[in-house]
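Residues per chain, in single letters:
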Amino acid sequence: MHGIIENLINQLTRLPGIGRKSAQRLAFFILSMPEAEALSIADAIRTVKQTARFCSQCFNITDSDLCEICSDESRDRSRIVVVEEPSNILVIERAKAFRCLYHVLLGALSPIDGITPERLKIDELVGRVKDHDIREVVIATNPTTKGEITAQYIKEQLAPLNVKVTRIAYGLPMGSDIEFADEVTLGKALEGRREL
Ligand SMILES: [Zn+2]
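A brief structural summary.

The rules behind each value
- Residues numbered from 1 in each chain as written.
- Predicted model: local features only at pLDDT ≥ 70, side-chain atom pairs only at ≥ 80, totals over all residues.
- Buried ≥ 20, exposed ≤ 12 C-beta atoms within 10 Å, placed from the backbone.
- Helix = DSSP H or I, 4+ residues; strand = E, 2+ residues; numbered from the N terminus.
- Arc of directions from axis to C-beta.
- Contact = placed C-beta atoms within 7 Å.
- Pairing = 2+ DSSP bridges.
- Axes fitted to C-alpha atoms, helices over the stretch in contact; angles between N-to-C directions.
- Right-handed = clockwise from strand over helix to strand, strands pointing away.

Re helix α6 (residues 122–131)
Right, so step 1: Turning to α6, its buried residues are I122, L125 and V129. Burial along α6 is one-sided: seen end-on, the buried residues are contained in an arc of 55°. Exposed and facing more than 90 degrees away from the buried side of α6 are D123, G127, K130 and D131.
Right, so step 2: Of the surrounding elements, those touching the buried residues of α6 are β3 (79–83), β4 (101–104), β5 (136–139) and α7 (145–158).

Okay, here's the thing in structure tokens:
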């Protein structure tokens, strides 16, 4: 195979979930695309790598000092939803549950992997709660062991600061049948029950 195509295939295999076969399919697809369309993909990658940085307040991805969410004055600024990764914000925003502020930790605690509190944006969160009029911190880290340890740690750090700390409830997927739920999910759903 020609060197330039081979090179593109090799580059594409660096992406997660893209094996050799998929990379080949993508490479030949790109080759067949109109030049302008193919180059707009390349430009989008270049732009995101050259301009993307972390919001100085919440550590969301942005192209300026403050991200769009932090700059949006119409949001409820008394509530912060804490997530592990910037991509989690997109998902929560899509749920349209509330228009609040966020705080991205850029990971979850995992002492075994050397991810200690200093490696995450936890001090920055405590600072935000201290400096601003925050009434509630909603911890939306993943329902994993790391996510739970992180949630617990944050709760302890915020304890001295008179702020309500909540954890998102885990439940059953809508439209599902409890008969098919695994016991961990069901147990968590029962724990997170609320009054009707
Ligand atoms: Zn922000």
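Comments concerning the sheet that holds β4
Right, so step 1: Spatial ordering of the open sheet is given by β4-β3-β5-β6, a layout of 4 strands whose pairing is parallel. The sheet is open, and its two borders are formed by β4 and β6 (164–167), each paired with just one other strand. The mean angle between the axes of side-by-side strands here comes to 25°, regardless of whether they run parallel or antiparallel.
Right, so step 2: Both β3 and β5 contribute to a ladder of 4 bridges, which runs parallel.

Describing the environment of G107
Right, so step 1: Relative to the helices and strands, G107 is located in the loop between β4 and α6.
Right, so step 2: Residue G107 is classed as partly exposed on the basis of its 16 C-beta neighbours within 10 Å.
Right, so step 3: C-alpha separation for the pair G107 and L31, spaced 76 residues apart in sequence, amounts to 37 Å.
Right, so step 4: If sequence neighbours within four positions are ignored, G107 has contacts with E84, I115, R119 and L120.

Concerning the pairing of β5
Right, so step 1: Judged from the 4 bridges that link them, β5 and β6 form a sheet pairing that is parallel. Across the sheet, the residue bridging to V137 is V165, located in β6.
Right, so step 2: A crossover links β5 with its parallel partner β6, the connecting element being α7, and its sense is right-handed.

Topic: the pairing of β3
Right, so step 1: Burial within β3 is extensive, with 4 of its 5 residues counted as buried.
Right, so step 2: With 4 bridges joining them, β3 and β4 adopt parallel strand pairing. Directly across from V83, in β4, lies its bridge partner V104.
Right, so step 3: Note that the unit made of β3, helix α5 (residues 86–95) and β4 has a crossover that is right-handed.

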